[in-house]
Amino acid sequence: MTATKGITASRLNLWYTKFRALTGVDLEIRHGLVTGLIGPSGCGKTTLLRCFNRINERIAGVRTEGKVEILGEDIYAPSVDLVELRRRVGMVFQRPNPLPLSVRDNVLFALRTHRSGGSLSRSEGDLAVEASLREVGVWEALRDRLDRRATELSLEQQQKLCIARLLPLQPEILLMDEPCSALDPSATQRVEELIRKLRGRYTIVIVTHNMAQARRVSDECIFMLLGEVIEHRRTEDVFLAPQDERTANYIEGRFG
Amino acid sequence: MAKGWSKTRAQVERAKERVIELAIAACGISAVVFVFAIIYFVFREAAPLLFGGLDIGQFLGSPEWYPDSVSNKRYGALALIAGTLSVTVLAMAIAVPFGLGAAIYVSEFSHGRTKEALKVVIELLAGVPSVVWGFIGLVVINPIIIDVFNTAVGLNVLNGAFLLGLMSVPIMVSIGEDALKAVPDTYREAAEAMGATKWQVTWRVLLPAARNGLLAAVLLGVGRAVGETMAVLMATGHAVHIPTSPLDSVRTMTATIAAELGETAKGSDHYRILFVLGALLFAITFVVNLVADVAIRGVRKR
């Protein structure tokens, strides 16, 4: 069964105009696991993450070469529908970025976007809002504030809302770009708990600067340096018995 | 010795700094002085009539504007107010979709050279003198309206509104574009990452987020249209008349002042009633601009 292959990349290269950000990336991310992307600033981990939903293409001057398959489908094929790709591959950003709409409209935004034909009934919407907010553990706190502007919530609630708004679309992959870097330690802990809870149902790829976090939440870890994948193994192996000297040096804090 | 020298230099520098500061402050404050001076002079000329004998009810409620009548002078400005209002409303019906559409295109959909070229051309449009617009209304749009609508005259509300609409577009585009540009890019990115198309992002995220700024853009366009004189004087047909269709000729408040002020005797009732009209215009544009300003700042705190 190919279901174990979540994301595969082969010979993936990416340039920002002239600067080469990714060099011959080959990897296979297993479906249903949490995979951490670690490495020093500028190593290309965020760029790599942003290849998986093709959001990189918003930036002028980006050129991508090579192949990325998500659940067996080549996402850079000309026939790919970006809207459908982004339904299946959700993204959580470094800075919580709820839309300047109500909490309710934030959760329903994507659902409405993907249903341009038929409209969403009130009860259907209510169900989706409750289910999604329960899933991320903010339903009790926000049930009476669904009409409040989402940008007025605490950062922790905003980030959880940003995860919740992806769920009604039943994505297969969740991409998280340093999802806790704007949060305090206790909020970070609760978001990590949430990530562990979502594990298994979604393939989660999480970029992090925080090695302790990578160790706490991920099943596998990918260490990157200067646009290349250096090592990709089970998290405890990467941390306890790194095979590459550069990985060892980074993990022990000799650079980065 | 070196010490004493540097001390004088420091004193000179300080004095120089002080003078420049004062000069710049004077420039800044002068705008306020001018505004108040204008208000003062307009109201000074209007006051003797405004507070001494003008029938406000007749002024605002009667369409009979006969300031030259020998036996029975009547100063009913209703037809003039209706003229200004009709031209402005129709102008906005033309300018708002075009202006905001152009702002959205420039800000969100065009890139690189197209964007820069468009901005330059739109700025150019803003620089066309209003008498040139009036000329175009007279020699270009007038015959077109006569042909298309089969009317006797093409100098009417539609003609004036068309010109005013085009004249208000540049300010709407530039303020509207600023408003859209001010929406953080993270919103666009978030919405696009959820699979929204560019148009969905614009319609469902950017327009609500930039609502206040876009409202301000529209209101500044309205302000421009209400106060415009020369183009409407030339293009609207100069008939004191409450319009019942866009093809009726009208006369606006501004055109009336421009056309009649030169013929009045200074200090006469006719002279003063034109200043009352001016004060009314001033009040209208003041309110419109004030609302626009409040809208830009955002009545609702984010």
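Residues numbered from 1 in each chain as written. Chains lettered and ligands numbered in written order. Predicted model: local features only at pLDDT ≥ 70, side-chain atom pairs only at ≥ 80, totals over all residues. Heavy atoms only, no water.

1. Some details on the packing of aromatic side chains
Two numbers describe a pair of aromatic rings. These are the distance of the centres and the angle of the planes.
Step number 1: Following the criterion strictly, the structure yields six aromatic pairs over all chains and no others.
Step number 2: An aromatic cluster is present here, built from F223, Y250 and F255 of chain A joined pairwise through their rings.
Step number 3: A cation sits over an aromatic face here: K198 of chain B above F109 of chain B, 5.8 Å from the ring centre. (Phe/Tyr/Trp six-rings, centres within 6.5 Å; stacked < 30°, edge-to-face > 60°. Lys NZ or Arg CZ within 6 Å of the ring centre and 35° of its normal.)

2. Notes on the interface of chain A and chain B
Step number 1: Opposite the 24 residues of chain A that make contact, chain B presents 19 residues.
Step number 2: Taken together, both faces of the contact between chain A and chain B bury some 1,900 Å²; the carbon and sulfur share is 59%.
Step number 3: The tally of links between chain A and chain B comes to four salt bridges.
Step number 4: One salt bridge in this structure joins R58 of chain A and E189 of chain B, with 3.9 Å as the shortest N-O distance.
Step number 5: In terms of residue count, helix α3 (residues 103–113) of chain A provides more of the side of chain A that touches chain B than any other element does, four residues in total.
Step number 6: Along the lines of polarity and charge, the residues of the side of chain A that touches chain B split into 13 nonpolar, five polar and six charged. (Contact = heavy atoms within 4.5 Å. Buried area = accessible area lost by both parts, 1.4 Å probe. Salt bridge = Lys/Arg side-chain N within 4 Å of Asp/Glu carboxyl O. Helix = DSSP H or I, 4+ residues; strand = E, 2+ residues; numbered from the N terminus. Nonpolar A, V, L, I, M, F, W, Y, C, P; charged D, E, K, R; others polar.)

3. Here we look at the pairing of strand β6 (residues 89–92) of chain A
Residue and element names in this part refer to chain A.
Step number 1: Residue alternation in β6 divides its side chains into two sets, V89 and M91 and G90 and V92, and both sets are buried.
Step number 2: In this structure, β6 lies alongside strand β7 (residues 173–177), joined through four bridges in parallel fashion. The residue bridging V92 from the neighbouring strand is M176, located in β7. (Buried < 20%, exposed > 50% of the residue type's maximum accessible area, 1.4 Å probe, protein only. Pairing = 2+ DSSP bridges.)

4. A look at the packing of helix α3 (residues 78–109) of chain B against helix α6 (residues 157–181) of chain B
Residue and element names in this part refer to chain B.
Step number 1: Axis separation between α3 and α6 bottoms out at 6 Å; the angle between their running directions is 35°. The two elements α3 and α6 cross, and the hand of that crossing is right-handed.
Step number 2: Residue composition of the contact of α3 with α6, grouped by class: 21 nonpolar, seven polar and three charged. (Axes fitted to C-alpha atoms, helices over the stretch in contact; angles between N-to-C directions. Left-handed = near helix turned anticlockwise from the far one by under 90°.)

5. Describing the domain arrangement of chain B
Residues and elements named next belong to chain B.
Step number 1: Domain boundaries assigned for chain B yield domain 1 (2–52) and domain 2 (74–297).
Step number 2: Computed over C-alpha atoms only, the centres of domain 1 and domain 2 are separated by 34 Å.
Step number 3: Taken together, the contacts link 10 residues of domain 1 with nine residues of domain 2.
Step number 4: Buried area between domain 1 and domain 2, summed over both chains or domains, comes out near 880 Å², and the portion from carbon and sulfur atoms is 80%.
Step number 5: The largest share of the area that domain 1 buries against domain 2 comes from V42, E45 and L49, three residues that together contribute 59% of it.
Step number 6: On inspection of domain 1 and its partner domain 2, the count reaches one salt bridge.
Step number 7: For the salt bridge of R272 with E45, the shortest nitrogen-to-oxygen distance reads 3.7 Å.
Step number 8: Inspection of the region where domain 1 meets domain 2 yields two residue pairs in polar contact (both at pLDDT 80 or more).
Step number 9: The residue inventory of the side of domain 1 that touches domain 2, partitioned by class, reads eight nonpolar, no polar and two charged. (Domains from an automatic or database assignment. Polar contact = N/O pair within 3.5 Å; in protein donor to acceptor, adjacent residues only side chain to side chain.)

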